[in-house]
Amino acid sequence: MDAFTAGLLQRIRTTESDLTRARDEGDDFLVEVEQAELDDLRRLAADHGVEVGATSV
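It should be emphasised that the depicted structure is a prediction, and the values quoted were computed from it without experimental measurement.

Rules and cut-offs
- Residues numbered from 1 in each chain as written.
- Predicted model: local features only at pLDDT ≥ 70, side-chain atom pairs only at ≥ 80, totals over all residues.
- Heavy atoms only, no water.
- Core = buried A, V, L, I, M, F, W, Y, C linked by side-chain atoms within 4.5 Å.
- Buried < 20%, exposed > 50% of the residue type's maximum accessible area, 1.4 Å probe, protein only.
- Helix = DSSP H or I, 4+ residues; strand = E, 2+ residues; numbered from the N terminus.
- Contact = heavy atoms within 4.5 Å.
- Expected span 1.5 Å × (residues − 1).
- Patch = residues over 30% accessible without salt bridge, like charges linked within 9 Å, V, L, I, M, F, W, Y side chains within 5 Å.
- Areas by Shrake-Rupley, 256 points an atom, 1.4 Å probe, with all protein chains shown as cover.
- Salt bridge = Lys/Arg side-chain N within 4 Å of Asp/Glu carboxyl O.
- Lys, Arg positive; Asp, Glu negative; His and termini not counted.
- Charge placed at Lys NZ, Arg CZ, Asp CG, Glu CD.

Student: Provide a residue-level description of the nonpolar core, including the pertinent values.
Tutor: One finds L8, L9, I12, L19, A22, V31, L38, L41, A45 and V50 forming the largest nonpolar core, which totals ten residues. Those elements that provide at least two residues to this core are α1 (3-25) and α2 (28-47). The greatest single-element share of this core, amounting to five residues, is contributed by α1. Setting aside chain neighbours within four positions, we find A45 in contact with L8, I12, V50 and V52.

Here you go:
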């Protein structure tokens with residue numbers, strides 16, 4: 001796995017965790033921010049052929 005793929009997958013995992021925490025805390029604004037970031041990261045992964053796999057979020 002190259003550095004780009006590893007870094008992208010790590011950012012996705014971190015953002016998923018942050019999104020879960022925002023939901024748990026009831027922070028609607030942060031949920032929107034984290035969801036938008038996650039959508040962007042997943043789109044970037046798809047554009048570069050990076051397999052993200054099933055997620056819990």
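Additional details are given in the paragraphs that follow.
Student: How would you summarise the side chain of T15 if you had to cite specific residues and measurements?
Tutor: Take T15: it is sitting in helix α1. Classification of T15 by relative accessible area gives buried; the value is 6%. Excluding anything up to four places from it in sequence, T15 contacts E34, E37, L38 and L41.

Student: How would you explain α2 if you had to name every residue and give the values?
Tutor: For α2, spanning 20 residues, the distance from its first C-alpha to its last is 28 Å, which sits close to the expected 28 Å at 1.5 Å a residue. The positive-phi residue at the C-terminal boundary of α2 is G49, with phi of around 70°.

Student: An account of a negative patch on the surface is needed here, citing residue identities and associated values.
Tutor: Together, D24, E25, D27, D28 and E32 give the surface a local cluster of negative charge. Elements that contribute at least two residues to the negative patch include exactly α1 and α2. Within the secondary structure layout, D27 lies in the loop between α1 and α2. What makes D27 partly exposed here is its relative accessible area of 32%.

Student: Explain the pattern of salt bridges to me, and be specific about the residues and the numbers.
Tutor: Under the counting rule described, the total for this entry stands at four salt bridges. Residue R42 pairs with E16 through a salt bridge whose shortest N-O separation is 3.3 Å. Placement of the pair is R42 in helix α2 and E16 in helix α1, with a sequence separation of 26 residues. D18 is the partner of R21 in a salt bridge, and the nearest nitrogen-oxygen pair spans 2.5 Å. Taken together, the residues R21 and D18, both in helix α1 and three residues apart, mark about one turn of the helix. Under the relative-accessibility criterion, R21 is labelled partly exposed at 42%. On the basis of relative accessibility, which here comes to 22%, the residue D18 falls in the partly exposed class.

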